[in-house]
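# Fold and geometry: a report
Chain residues, written in single-letter form:
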Amino acid sequence: RSSATNNATVLANNGAPFSPLRLTRTVRAAGAFARRLELEAVHDWHDGCVNTISFTEGGDQLISGSDDEKIVIGRWETGEVTLQYESGHTNNVFQAKTMPH
């Protein structure tokens, strides 16, 4: 989802009246936050464009999916790959997450 879609969903779910002005202010605030972020690391885990990343439940690893049709789980701080496998996809991987147990 895009930031605008997420913000619209949050505004609607908070019970506050939805208005374009409120959405615009929220998106601008999110943009200011995003501009303060810095690049932490670059990992060469894939041979294609990375389409999705998410943190594992513990927060110490990332799961990523790519145009190379692979799923990779690795430690974001060190770059160590803990698991890499062919996903069985016949096209790009656009979502990869852990499931709660």
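Residues numbered from 1 in each chain as written. Predicted model: local features only at pLDDT ≥ 70, side-chain atom pairs only at ≥ 80, totals over all residues. Heavy atoms only, no water.

One open sheet holds the four strands; their spatial order is β1-β2-β3-β4, and the pairing between them is antiparallel. In this open sheet, the two strands that pair with only one neighbour each are β1 (50-55) and β4 (81-86). Averaged over all pairs of adjacent strands, the angle between strand axes in this sheet comes to 15°, irrespective of strand direction. (Pairing = 2+ DSSP bridges. Helix = DSSP H or I, 4+ residues; strand = E, 2+ residues; numbered from the N terminus. Axes fitted to C-alpha atoms, helices over the stretch in contact; angles between N-to-C directions.)

The next thing to look at is the confidence of the model for the chain. Looking at the chain, the pLDDT average stands at 78 and 78% of residues meet or exceed 70. Low pLDDT, under 50, characterises residues 1-11; the predicted model gives this stretch 15 contacts beyond four residues in sequence or across chains. (pLDDT = per-residue confidence, 0-100. Contact = heavy atoms within 4.5 Å.)

The side chains of a regular strand alternate between both faces of the sheet. For strand β2 (residues 61-66), the tally of buried residues reaches six of six residues, placing the bulk of the element in the interior. Residue alternation in β2 divides its side chains into two sets, Gln61, Ile63 and Gly65 and Leu62, Ser64 and Ser66, and both sets are buried. In this structure, β1 lies alongside β2, joined through five bridges in antiparallel fashion. Its bridge partner lying in β2, Phe55 is registered against Leu62. Once β1 ends, the chain turns through five residues before running back antiparallel as β2, passing Gly59 with a positive phi of about 80°. (Buried < 20%, exposed > 50% of the residue type's maximum accessible area, 1.4 Å probe, protein only.)

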